Amino acid sequence: MTRLVINGGNKMDGEIDVQGSKNAVLPILAATILCDGKNIIYNCPKLRDVDMTIEVLKNLGCIVKRNADCLEVDSSNISGYTIPDELMRQMRSSIIFLGAIIARFGKAEVSMPGGCEIGNRPIDLHLKSLRKLGVEITESHGFMHCKREKNISDNIHLDFPSVGATENIMLAACLTEGITIIENAAREPEIVDLERFLNRMGAKIKGAGSDTIVIEGVHKLYGVEHRIIPDRIVAATYLSCALSSGGTVSLKNADGGHMGAMINVLKDMGAKIYEDRNKIVVLSPKQLKSVGTIKTMPYPGFPTDIQSPFMALTTQAVGSSVFVENIFENRFRHIEELTRMGADIKADGRVAVVIGKSRLTGAKVTAPDLRGGAALVVAALAADGETEIENVKYIDRGYEAIEKVLSLCGVKIKRKE
Ligand code: UD1
């Protein structure tokens, strides 16, 4: 089993080139099937989730070529409209293909996504919205059979600003007759990137980034070139790594404009952070301070995806910090592992209290999920001695070559097979 072995106690010092956003590239790759030609997508990170998405595209009949961070997707000969069980099980976010496949074929067959490591993750909002766009959905033998009976548009009010449901509606609606309006839409930067990509292809979408998105259906979309936005969660994770190690790091190709809630928390903890164009520099204070209460919220609130890395960081702050997880019910599984390393954290339901500063010691720990794994890396950088992290496959879902990035900044880290 692959492990990351980290020796803590070295101050990070160096520059990190921030990878493209995983959560932006996945829906954009799904959107490539909406045209008959070739799309060229730059700044695609090399991640397990991207590889799985490429598998889904190939399974549908697309030709996909990778050259460094550039993916060329040719969907001229696409023929399939099914996502098989093994692909759906490996990556639940393949559900994002549903809207795109329906838009292209008027029908789709997708295996039911199961639960996943951070909770139940229902798709009721996706299905309710697609039904409003004239799609009939039946379930049998573990598959959802979808057929667009009427090519209609509608006003869709989301009960919760779900990122995936907002993206699925945008994909399903951009080739319909008429105007679709999404109210209480998710406002994440990744949605803005999807809008930009689709509009480049010829779609007529307005309002992404606000809570109302207006999609005017068009008849045809065309292949284009597009560059994926930087990954704001990865950028914030590396800022946490730098602070946990007591070091200084400069991020290039980062977008601080997408990171307001996270940067504010780090500044409240005493970090010195300077932003200039696509660059963010972080300097560690002599001593980190606790943060009061952090509540995860939809964008522009504090992201659930950075809750666990920041929790690991607050173990090194003096005082108590409280985390309230409002988005996913099972996103505290890193706490048990952090406790093994000496952290003082008490959790009850969706609330966790961290008492700092703890002296962490290296231990054998297991990444419970993607961001929980990143939290263990953050903790390992502050710990005395060697930390061995198992289940690295989770970390590889979202962080490109994390051991190379960190070792270039002076961290003693090795991947062991
Ligand atoms: C996306 C991100 C994920 C991030 C999350 C929240 C991708 C690939 N993943 O996930 O990294 O943590 O946004 O920022 O972009 N919900 C329902 N019914 C639905 C859909 C969602 O109840 O039909 C609930 C979920 O259970 C969860 C909340 O809504 O409690 C947020 O989920 P959502 O915004 O949809 O997250 P994802 O798109 O799955």
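Quantities reported herein were computed from a predicted structural model and do not represent experimental measurements.

If you tally the helices and strands in the chain, you get 14 helices and 25 strands. A globule of 417 residues ought to have a C-alpha radius of gyration of about 22 Å, and the chain, at 21 Å, matches this closely. Structurally, the chain occupies a C-alpha span of about 60 × 45 × 40 Å along its principal axes. Put simply, the chain has 417 residues, and 57% of those count as buried. Here the analysis covers contacts within the chain between residues at least 6 apart in sequence; of these, 73% occur between residues at least 24 apart. By element, 47% of the accessible surface of the chain is carried by carbon and sulfur atoms, the whole surface being about 16,400 Å².

A separate point is the site of the ligand. Near the ligand there are 17 residues, and of these Asp-124, Leu-125, Ser-162, Asp-305 and Ile-327 occur at the shortest range. Contact between the ligand and Pro-122: an oxygen atom at 3.3 Å from a main-chain N or O atom of the residue. Within the contact set of the ligand, an oxygen atom lies 2.6 Å away from a side-chain nitrogen or oxygen of Asp-305. Among the secondary structure elements, those contributing two or more residues to the shell around the ligand are α5 (124–132) and α6 (163–173). When residues in the shell around the ligand are grouped by element, the largest group, 3 residues, is from α5. A class-by-class count of the residues in the shell around the ligand yields 7 nonpolar, 6 polar and 4 charged.

Another point: the nonpolar core. Judged by nonpolar contacts, the single largest core of 75 residues is most densely connected at Leu-34, Leu-98 and Leu-198. The element that contributes the greatest number of residues to this core is helix α1 (residues 22–31), accounting for 7 residues. In this structure Leu-198 touches Ala-31, Leu-34, Met-170, Leu-171, Cys-174, Ala-203, Ile-205 and Leu-221, once residues within four positions along its chain are discounted. Counting 71 residues, the second-largest nonpolar core is a separate cluster that includes Ile-263, Leu-288, Ala-383 and Val-405.

When you line up the elements, Thr-166 lands in helix α6. Residue classification places Thr-166 among the buried positions, given a relative accessible area of 0%. Setting aside anything within four residues of it in sequence, one finds Thr-166 in contact with Leu-158, Ile-182, Ala-185, Ala-186, Ile-191 and Ile-213.

So, on to the pattern of salt bridges. According to the stated counting rule, one finds 16 salt bridges in the structure shown. Here Lys-220 ties to Asp-36 by a salt bridge, and the two come within 3.9 Å at their closest N and O atoms. Here Lys-220 is found in the loop between β13 (212–216) and β14 (225–227), whereas its partner Asp-36 is found in the loop between α1 and β3 (38–42), with 184 residues between them in sequence.

Okay, the side chain of Glu-325 next. Position of Glu-325 among the secondary structure elements: in the loop between β20 (317–324) and α11 (334–340). It is Arg-350 that comes nearest to the buried, bridge-free Glu-325 among opposite-charge side chains, at 5.3 Å. There is a polar contact of 3.0 Å between the side chain of Glu-325 and the side chain of Thr-304.

What follows covers helix α7 (residues 189–201). With 13 residues, α7 should cover 18 Å at 1.5 Å per step; its first-to-last C-alpha distance of 19 Å lies within 8% of that length. Residues Pro-189, Glu-190, Ile-191, Asp-193, Leu-194, Glu-195, Phe-197, Leu-198 and Met-201 constitute the buried set of α7. Gly-202 lies just past α7 and shows a positive phi near 120 degrees.

Glancing now at unusual backbone geometry. Peptide bonds are mostly trans, and most non-glycine residues show a negative phi. With an omega dihedral of 10 degrees, the bond running from Tyr-299 to Pro-300 counts as a cis peptide bond. Mapped onto the fold, Pro-300 is located in the loop between β19 (292–295) and α10 (307–314). With an omega of 5 degrees, the peptide bond between Gly-356 and Lys-357 qualifies as cis. Position of Lys-357 among the secondary structure elements: in the loop between β22 (351–356) and β23 (364–366). In this structure, Ala-68 is a non-glycine residue whose phi angle is positive, near 55 degrees. If you check the backbone angles, Arg-277 has positive phi at about 50 degrees while not being a glycine. You can see Arg-277 is positioned in the loop between β16 (272–276) and β17 (279–283).

What follows concerns the sheet that holds strand β8 (residues 135–140). The strand order across the open sheet built from 4 strands is β6-β7-β9-β8, with neighbouring strands paired in mixed fashion. The strands lining the two open edges of the sheet, one partner per strand, are β6 (82–83) and β8. As judged from the 6 bridges shared by β8 and strand β9 (residues 143–148), these two strands associate in the antiparallel manner. When the bridges of β9 are listed, Thr-138 appears paired with His-145. Most of the contacts of α5 go to β8, to which it runs at about 135 degrees, and overall it touches β8 and β9.

This brings us to the pairing of strand β4 (residues 63–67). If a strand is regular, its side chains alternate between the two faces of the sheet. Where β4 lies against strand β5 (residues 70–74), 5 bridges are found, and the strand directions are antiparallel. When the sheet's bridge partners are listed, Val-64 is paired in β5 with Val-73. Hairpin connection, β4 to β5: the antiparallel pair is bridged by 2 residues, and Ala-68 has positive phi, about 55 degrees.

Quick notes on the rules
Residues numbered from 1 in each chain as written. Predicted model: local features only at pLDDT ≥ 70, side-chain atom pairs only at ≥ 80, totals over all residues. Heavy atoms only, no water. Helix = DSSP H or I, 4+ residues; strand = E, 2+ residues; numbered from the N terminus. Rg over C-alpha atoms; globule rule 2.2 N^0.38 Å. Buried < 20%, exposed > 50% of the residue type's maximum accessible area, 1.4 Å probe, protein only. Contact = heavy atoms within 4.5 Å. Areas by Shrake-Rupley, 256 points an atom, 1.4 Å probe, with all protein chains shown as cover. Near = heavy atom within 4 Å. Polar contact = N/O pair within 3.5 Å; in protein donor to acceptor, adjacent residues only side chain to side chain. Nonpolar A, V, L, I, M, F, W, Y, C, P; charged D, E, K, R; others polar. Core = buried A, V, L, I, M, F, W, Y, C linked by side-chain atoms within 4.5 Å. Salt bridge = Lys/Arg side-chain N within 4 Å of Asp/Glu carboxyl O. Lys, Arg positive; Asp, Glu negative; His and termini not counted. Expected span 1.5 Å × (residues − 1). Pairing = 2+ DSSP bridges. Axes fitted to C-alpha atoms, helices over the stretch in contact; angles between N-to-C directions.

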